[in-house]
Amino acid sequence: MTYQDVLETARTCSGPCKACPVCNGRACGSKMPGPGCKGSGTVAARNYDAWQEIFLNMDTICANAPVDTRFSFFGQTYDLPVFAGPVGAVQLHYGDKLTDQGYNEILVPACVQAGIAAFTGDGTNPDVFTAAARAIGQNGGRGIPTVKPWDRDTLFAKLDAAKASGAQVFAMDIDAAGLPFLKGLNPPAGSKTVAELREIIEYAGVPFLIKGIMTVRGARKALETGAAGIVVSNHGGRVQDGVPPTAAVLPAIAEAVKGQMAILVDGGLRNGVDICKALALGADACILARPYVTAVYGGGAEGVRLLTEKLKAELADTMAMCGVHSLSEIGRDLLF
(Lines give C-alpha, C1' and ligand atoms only; values in the text may rest on other atoms or scores of the structure.)
Protein backbone atom coordinates (compact mmCIF):
# COMPACT_ATOMS: atom_id res chain seq x y z
CA MET A 1 0.00 0.00 0.00
CA THR A 2 1.13 3.55 -0.77
CA TYR A 3 -0.13 6.84 0.63
CA GLN A 4 -1.91 7.39 -2.68
CA ASP A 5 -3.70 4.05 -2.16
CA VAL A 6 -4.79 5.28 1.27
CA LEU A 7 -6.38 8.39 -0.26
CA GLU A 8 -8.13 6.39 -2.97
CA THR A 9 -9.57 3.91 -0.46
CA ALA A 10 -10.67 6.69 1.88
CA ARG A 11 -12.69 8.27 -0.94
CA THR A 12 -14.86 5.16 -1.00
CA CYS A 13 -15.75 5.09 2.69
CA SER A 14 -15.20 8.42 4.46
CA GLY A 15 -18.65 9.90 3.95
CA PRO A 16 -18.82 13.63 3.19
CA CYS A 17 -15.01 13.87 3.23
CA LYS A 18 -13.55 13.76 -0.30
CA ALA A 19 -10.06 12.66 0.80
CA CYS A 20 -8.69 15.36 -1.49
CA PRO A 21 -5.09 15.10 -2.76
CA VAL A 22 -4.44 18.15 -0.56
CA CYS A 23 -6.81 18.69 2.36
CA ASN A 24 -7.17 22.46 2.05
CA GLY A 25 -10.71 22.91 3.37
CA ARG A 26 -12.24 24.07 0.11
CA ALA A 27 -14.19 20.97 -0.92
CA CYS A 28 -15.78 20.60 2.53
CA GLY A 29 -16.72 24.26 2.98
CA SER A 30 -19.52 24.54 5.52
CA LYS A 31 -20.55 20.86 5.57
CA MET A 32 -21.55 20.15 9.14
CA PRO A 33 -22.30 17.36 9.92
CA GLY A 34 -19.20 16.51 7.96
CA PRO A 35 -15.62 17.73 8.08
CA GLY A 36 -16.45 21.33 7.14
CA CYS A 37 -16.60 24.60 9.08
CA LYS A 38 -19.16 26.73 10.83
CA GLY A 39 -20.89 29.61 9.06
CA SER A 40 -19.21 30.66 5.82
CA GLY A 41 -17.02 27.54 5.86
CA THR A 42 -13.86 29.55 5.14
CA VAL A 43 -11.76 29.16 8.29
CA ALA A 44 -10.22 25.78 7.44
CA ALA A 45 -9.16 27.06 4.02
CA ARG A 46 -7.74 30.19 5.67
CA ASN A 47 -5.75 28.01 8.08
CA TYR A 48 -4.25 26.10 5.17
CA ASP A 49 -3.55 29.19 3.06
CA ALA A 50 -1.72 30.96 5.88
CA TRP A 51 0.98 28.29 6.00
CA GLN A 52 1.47 28.63 2.24
CA GLU A 53 2.19 32.36 2.66
CA ILE A 54 5.14 31.68 4.99
CA PHE A 55 8.50 31.02 3.33
CA LEU A 56 11.67 29.26 4.40
CA ASN A 57 15.30 30.19 3.78
CA MET A 58 17.55 27.47 2.35
CA ASP A 59 21.11 27.07 3.60
CA THR A 60 23.17 24.15 2.38
CA ILE A 61 26.58 25.56 3.32
CA CYS A 62 26.72 23.46 6.43
CA ALA A 63 27.82 20.09 7.73
CA ASN A 64 26.44 17.14 5.77
CA ALA A 65 25.18 15.51 8.96
CA PRO A 66 22.15 13.35 9.79
CA VAL A 67 18.95 15.16 10.78
CA ASP A 68 17.39 14.30 14.13
CA THR A 69 13.62 14.90 14.30
CA ARG A 70 13.14 13.35 17.75
CA PHE A 71 10.93 15.21 20.20
CA SER A 72 10.60 14.95 24.00
CA PHE A 73 7.23 15.63 25.60
CA PHE A 74 6.57 15.25 29.33
CA GLY A 75 8.85 12.26 29.79
CA GLN A 76 8.09 10.55 26.47
CA THR A 77 10.28 10.67 23.36
CA TYR A 78 8.70 10.59 19.90
CA ASP A 79 10.17 10.28 16.43
CA LEU A 80 8.90 13.68 15.36
CA PRO A 81 6.99 16.63 16.85
CA VAL A 82 3.63 15.57 15.47
CA PHE A 83 0.43 14.34 17.11
CA ALA A 84 -2.75 13.01 15.56
CA GLY A 85 -5.59 15.32 16.55
CA PRO A 86 -8.66 14.55 18.65
CA VAL A 87 -11.73 13.66 16.60
CA GLY A 88 -15.16 12.73 17.90
CA ALA A 89 -18.42 11.57 16.32
CA VAL A 90 -16.57 10.02 13.39
CA GLN A 91 -19.67 8.18 12.16
CA LEU A 92 -21.61 11.44 12.00
CA HIS A 93 -18.86 13.39 10.26
CA TYR A 94 -16.93 10.79 8.26
CA GLY A 95 -19.21 7.84 7.59
CA ASP A 96 -20.37 4.55 9.04
CA LYS A 97 -17.19 2.54 8.58
CA LEU A 98 -15.96 3.21 12.13
CA THR A 99 -17.39 4.07 15.53
CA ASP A 100 -15.47 6.42 17.81
CA GLN A 101 -14.26 3.46 19.83
CA GLY A 102 -13.22 1.57 16.71
CA TYR A 103 -11.43 4.61 15.35
CA ASN A 104 -9.42 5.13 18.55
CA GLU A 105 -8.63 1.42 18.83
CA ILE A 106 -6.89 1.73 15.47
CA LEU A 107 -5.43 5.21 15.85
CA VAL A 108 -3.84 5.04 19.31
CA PRO A 109 -1.67 1.91 18.90
CA ALA A 110 -0.93 2.75 15.26
CA CYS A 111 0.45 6.14 16.29
CA VAL A 112 2.60 4.54 18.98
CA GLN A 113 3.94 2.02 16.46
CA ALA A 114 4.65 4.87 14.04
CA GLY A 115 6.65 6.75 16.66
CA ILE A 116 4.16 9.50 17.56
CA ALA A 117 1.04 9.76 19.75
CA ALA A 118 -2.62 10.66 19.40
CA PHE A 119 -4.91 13.11 21.10
CA THR A 120 -8.26 11.37 21.45
CA GLY A 121 -11.74 12.87 21.37
CA ASP A 122 -14.75 13.01 23.64
CA GLY A 123 -18.51 13.02 23.23
CA THR A 124 -21.88 12.92 24.94
CA ASN A 125 -21.55 9.13 25.23
CA PRO A 126 -19.21 8.68 28.25
CA ASP A 127 -17.95 5.38 26.87
CA VAL A 128 -16.13 7.24 24.07
CA PHE A 129 -13.76 9.05 26.42
CA THR A 130 -13.34 6.06 28.72
CA ALA A 131 -12.50 3.70 25.87
CA ALA A 132 -10.05 6.18 24.36
CA ALA A 133 -8.29 6.67 27.69
CA ARG A 134 -8.14 2.89 28.12
CA ALA A 135 -6.52 2.51 24.70
CA ILE A 136 -3.90 5.09 25.68
CA GLY A 137 -3.23 3.29 28.97
CA GLN A 138 -2.82 0.00 27.13
CA ASN A 139 -0.16 1.62 24.96
CA GLY A 140 2.17 2.81 27.68
CA GLY A 141 0.35 6.07 28.38
CA ARG A 142 1.46 7.40 25.01
CA GLY A 143 -1.42 9.64 24.04
CA ILE A 144 -3.51 12.51 25.34
CA PRO A 145 -7.20 12.00 26.20
CA THR A 146 -8.96 15.28 25.45
CA VAL A 147 -12.06 16.15 27.44
CA LYS A 148 -14.77 18.65 26.57
CA PRO A 149 -15.58 21.54 28.97
CA TRP A 150 -18.40 19.70 30.75
CA ASP A 151 -19.84 20.63 34.12
CA ARG A 152 -17.65 19.96 37.17
CA ASP A 153 -19.06 16.57 38.17
CA THR A 154 -18.97 15.18 34.64
CA LEU A 155 -15.42 16.44 34.16
CA PHE A 156 -14.16 14.93 37.39
CA ALA A 157 -15.75 11.56 36.58
CA LYS A 158 -14.09 11.55 33.17
CA LEU A 159 -10.74 12.55 34.64
CA ASP A 160 -11.04 9.71 37.16
CA ALA A 161 -11.49 7.29 34.27
CA ALA A 162 -8.50 8.75 32.45
CA LYS A 163 -6.28 8.55 35.54
CA ALA A 164 -7.33 4.95 36.14
CA SER A 165 -6.37 4.08 32.58
CA GLY A 166 -2.75 5.13 33.03
CA ALA A 167 -2.83 8.16 30.72
CA GLN A 168 -0.04 10.54 31.71
CA VAL A 169 -1.05 13.81 30.04
CA PHE A 170 -4.59 15.22 29.68
CA ALA A 171 -6.08 18.01 27.60
CA MET A 172 -9.28 20.02 27.33
CA ASP A 173 -10.48 21.62 24.11
CA ILE A 174 -11.94 24.64 25.86
CA ASP A 175 -13.11 26.09 22.54
CA ALA A 176 -15.53 23.17 22.20
CA ALA A 177 -17.82 25.40 24.24
CA GLY A 178 -18.93 26.59 20.79
CA LEU A 179 -20.01 23.16 19.56
CA PRO A 180 -23.79 22.93 19.06
CA PHE A 181 -24.16 19.64 20.94
CA LEU A 182 -22.73 21.17 24.14
CA LYS A 183 -25.28 23.95 24.27
CA GLY A 184 -28.48 23.51 26.23
CA LEU A 185 -27.26 20.52 28.20
CA ASN A 186 -28.34 20.03 31.77
CA PRO A 187 -26.09 20.32 33.73
CA PRO A 188 -24.50 22.97 31.52
CA ALA A 189 -21.25 22.67 29.63
CA GLY A 190 -19.28 25.55 28.23
CA SER A 191 -16.72 28.23 29.01
CA LYS A 192 -14.61 28.04 32.17
CA THR A 193 -13.05 30.71 34.36
CA VAL A 194 -9.38 30.71 35.32
CA ALA A 195 -10.36 29.57 38.82
CA GLU A 196 -12.50 26.72 37.48
CA LEU A 197 -9.72 25.53 35.20
CA ARG A 198 -7.19 25.74 38.02
CA GLU A 199 -9.38 23.45 40.13
CA ILE A 200 -9.74 20.99 37.23
CA ILE A 201 -6.00 20.94 36.54
CA GLU A 202 -5.14 20.46 40.21
CA TYR A 203 -7.60 17.58 40.37
CA ALA A 204 -6.11 15.96 37.27
CA GLY A 205 -2.69 15.83 38.92
CA VAL A 206 -0.80 15.31 35.65
CA PRO A 207 0.44 17.71 32.94
CA PHE A 208 -2.66 19.33 31.46
CA LEU A 209 -2.99 21.11 28.11
CA ILE A 210 -5.61 23.68 27.18
CA LYS A 211 -6.57 23.53 23.52
CA GLY A 212 -8.27 26.40 21.75
CA ILE A 213 -5.98 29.35 22.55
CA MET A 214 -5.96 32.10 19.91
CA THR A 215 -4.72 35.22 21.73
CA VAL A 216 -1.85 36.32 23.94
CA ARG A 217 -4.40 37.13 26.63
CA GLY A 218 -5.79 33.60 26.41
CA ALA A 219 -2.28 32.12 26.63
CA ARG A 220 -1.52 34.15 29.74
CA LYS A 221 -4.80 33.06 31.32
CA ALA A 222 -3.88 29.44 30.55
CA LEU A 223 -0.53 29.99 32.26
CA GLU A 224 -2.41 31.35 35.28
CA THR A 225 -4.46 28.15 35.53
CA GLY A 226 -1.34 26.04 35.97
CA ALA A 227 -1.65 24.41 32.55
CA ALA A 228 1.51 22.68 31.38
CA GLY A 229 0.84 23.63 27.79
CA ILE A 230 -1.53 25.09 25.25
CA VAL A 231 -2.70 24.27 21.76
CA VAL A 232 -3.04 27.27 19.48
CA SER A 233 -6.21 26.24 17.68
CA ASN A 234 -9.44 27.57 16.21
CA HIS A 235 -10.93 24.05 16.19
CA GLY A 236 -10.54 23.86 12.43
CA GLY A 237 -13.18 26.56 12.04
CA ARG A 238 -15.85 24.32 13.53
CA VAL A 239 -16.75 26.46 16.55
CA GLN A 240 -16.61 30.05 15.28
CA ASP A 241 -16.62 31.70 11.86
CA GLY A 242 -14.56 34.76 11.00
CA VAL A 243 -11.50 34.02 13.13
CA PRO A 244 -7.85 34.37 12.01
CA PRO A 245 -5.68 31.43 10.96
CA THR A 246 -3.53 29.83 13.63
CA ALA A 247 -0.32 30.66 11.76
CA ALA A 248 -1.16 34.37 12.10
CA VAL A 249 -1.55 34.35 15.88
CA LEU A 250 1.14 31.80 16.79
CA PRO A 251 4.19 34.14 16.77
CA ALA A 252 2.81 36.60 19.33
CA ILE A 253 1.56 33.81 21.58
CA ALA A 254 4.93 32.05 21.41
CA GLU A 255 6.74 35.29 22.24
CA ALA A 256 4.53 35.74 25.30
CA VAL A 257 4.76 32.28 26.89
CA LYS A 258 7.61 30.37 25.18
CA GLY A 259 9.68 28.51 27.75
CA GLN A 260 6.96 28.78 30.39
CA MET A 261 4.70 26.09 28.93
CA ALA A 262 4.55 23.75 25.95
CA ILE A 263 3.14 25.33 22.79
CA LEU A 264 1.39 23.16 20.21
CA VAL A 265 -0.47 24.33 17.12
CA ASP A 266 -3.01 22.86 14.72
CA GLY A 267 -5.09 24.07 11.80
CA GLY A 268 -4.24 23.47 8.15
CA LEU A 269 -0.83 21.83 8.66
CA ARG A 270 -0.50 19.21 5.96
CA ASN A 271 3.17 18.28 5.40
CA GLY A 272 6.66 18.38 6.84
CA VAL A 273 7.35 21.79 5.32
CA ASP A 274 4.37 23.24 7.22
CA ILE A 275 5.60 21.57 10.41
CA CYS A 276 9.03 23.16 10.04
CA LYS A 277 7.40 26.57 9.54
CA ALA A 278 5.31 26.11 12.67
CA LEU A 279 8.36 25.22 14.74
CA ALA A 280 10.20 28.26 13.34
CA LEU A 281 7.26 30.44 14.45
CA GLY A 282 7.61 29.18 18.01
CA ALA A 283 5.59 25.98 18.31
CA ASP A 284 7.10 22.99 20.09
CA ALA A 285 4.95 20.49 18.17
CA CYS A 286 2.07 20.26 15.72
CA ILE A 287 -1.27 18.48 15.62
CA LEU A 288 -2.88 17.14 12.44
CA ALA A 289 -6.47 15.92 12.73
CA ARG A 290 -8.25 15.58 9.38
CA PRO A 291 -5.25 13.90 7.63
CA TYR A 292 -5.15 11.18 10.26
CA VAL A 293 -8.89 10.53 9.87
CA THR A 294 -8.27 9.97 6.18
CA ALA A 295 -5.32 7.72 7.00
CA VAL A 296 -7.38 5.53 9.34
CA TYR A 297 -10.40 5.32 7.05
CA GLY A 298 -8.26 4.64 4.01
CA GLY A 299 -5.62 2.33 5.41
CA GLY A 300 -6.12 1.56 9.09
CA ALA A 301 -2.85 1.20 11.01
CA GLU A 302 -0.93 1.00 7.74
CA GLY A 303 -2.42 4.33 6.69
CA VAL A 304 -1.24 5.92 9.94
CA ARG A 305 2.26 4.53 9.38
CA LEU A 306 2.44 5.77 5.80
CA LEU A 307 1.24 9.27 6.65
CA THR A 308 3.65 9.55 9.59
CA GLU A 309 6.60 8.33 7.52
CA LYS A 310 5.69 10.85 4.83
CA LEU A 311 5.61 13.71 7.35
CA LYS A 312 8.91 12.64 8.92
CA ALA A 313 10.69 12.40 5.57
CA GLU A 314 9.38 15.81 4.50
CA LEU A 315 10.39 17.42 7.81
CA ALA A 316 13.87 15.86 7.74
CA ASP A 317 14.44 16.92 4.12
CA THR A 318 13.28 20.48 4.86
CA MET A 319 15.54 20.75 7.91
CA ALA A 320 18.54 19.50 5.93
CA MET A 321 17.90 21.99 3.14
CA CYS A 322 17.61 24.81 5.70
CA GLY A 323 20.91 23.85 7.33
CA VAL A 324 19.56 22.62 10.68
CA HIS A 325 20.03 19.14 12.08
CA SER A 326 17.97 19.09 15.27
CA LEU A 327 14.68 20.60 16.36
CA SER A 328 16.45 22.91 18.81
CA GLU A 329 18.20 24.65 15.90
CA ILE A 330 14.91 25.66 14.26
CA GLY A 331 14.15 29.34 14.85
CA ARG A 332 12.80 32.49 13.29
CA ASP A 333 15.98 32.91 11.21
CA LEU A 334 14.72 30.04 9.01
CA LEU A 335 11.86 32.24 7.80
CA PHE A 336 11.96 34.72 4.93
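About the criteria used
Residues numbered from 1 in each chain as written. Predicted model: local features only at pLDDT ≥ 70, side-chain atom pairs only at ≥ 80, totals over all residues. Heavy atoms only, no water. Helix = DSSP H or I, 4+ residues; strand = E, 2+ residues; numbered from the N terminus. Rg over C-alpha atoms; globule rule 2.2 N^0.38 Å. Buried < 20%, exposed > 50% of the residue type's maximum accessible area, 1.4 Å probe, protein only. Areas by Shrake-Rupley, 256 points an atom, 1.4 Å probe, with all protein chains shown as cover. Lys, Arg positive; Asp, Glu negative; His and termini not counted. Charge placed at Lys NZ, Arg CZ, Asp CG, Glu CD. Phe/Tyr/Trp six-rings, centres within 6.5 Å; stacked < 30°, edge-to-face > 60°. Contact = heavy atoms within 4.5 Å. Pairing = 2+ DSSP bridges. Right-handed = clockwise from strand over helix to strand, strands pointing away.

Novice: Is there a simple way to think about the overall build of the chain in this case?
Specialist: In terms of regular secondary structure, the chain is built from 11 helices and 10 strands. Against the 2.2 N^0.38 benchmark of 20 Å for 336 residues, the chain shows a C-alpha radius of gyration of 19 Å, consistent with a compact globule. Once the C-alpha set of the chain is aligned to its principal axes, its extents read approximately 60 × 45 × 40 Å. Across the 336 residues that make up the chain, the buried fraction comes to 58%. As displayed, the chain offers around 13,200 Å² of accessible surface, 53% of which is attributable to carbon and sulfur atoms. Computed over 30 positive and 32 negative side-chain charges, the inter-centroid distance for the chain is 4 Å.

Novice: How do you make sense of the packing of aromatic side chains when you look at a structure like this?
Specialist: Given two aromatic rings, one states the distance between the centres and the angle between the planes to describe the pair. Under the definition given, this model contains 8 aromatic pairs. An angle of 70° between the planes, with centres 4.7 Å apart, marks the rings of Phe-73 and Phe-74 as edge-to-face. Looking at Phe-73, the relative accessible area reads 4%, which means it is buried. Put simply, the rings of Phe-71, Phe-73, Phe-74, Tyr-78, Phe-83 and Phe-119 pair up and form one aromatic cluster.

Novice: Could you clarify how one ought to interpret the environment of Gly-15 in this entry?
Specialist: One can find Gly-15 in the loop between helix 1 (3–10) and helix 2 (43–52). For Gly-15 and Asp-96, which are 81 residues apart along the polypeptide, the C-alpha to C-alpha distance reads 7.6 Å. With sequence-adjacent residues up to four places away left out, Gly-15 is seen in contact with Tyr-94 and Gly-95.

Novice: Explanation requested: the pairing of strand 9 (residues 262–265) in the structure shown.
Specialist: Side-chain positions along a regular strand alternate between the two faces of the sheet. The two faces of strand 9 match: Ala-262 and Leu-264 on one face and Ile-263 and Val-265 on the other face are all buried. Sheet topology places strand 8 (residues 229–232) next to strand 9; 4 bridges connect them, and they run parallel. Following the sheet pairing, Gly-229 is matched in strand 9 by Ala-262. With helix 9 (residues 246–257) bridging strand 8 and its parallel neighbour strand 9, the resulting β-α-β unit is right-handed. In this sheet, strand 10 (residues 285–288) lies alongside strand 9 in parallel orientation, the contact comprising 2 bridges. Its bridge partner being in strand 10, Val-265 is matched across the sheet by Cys-286.

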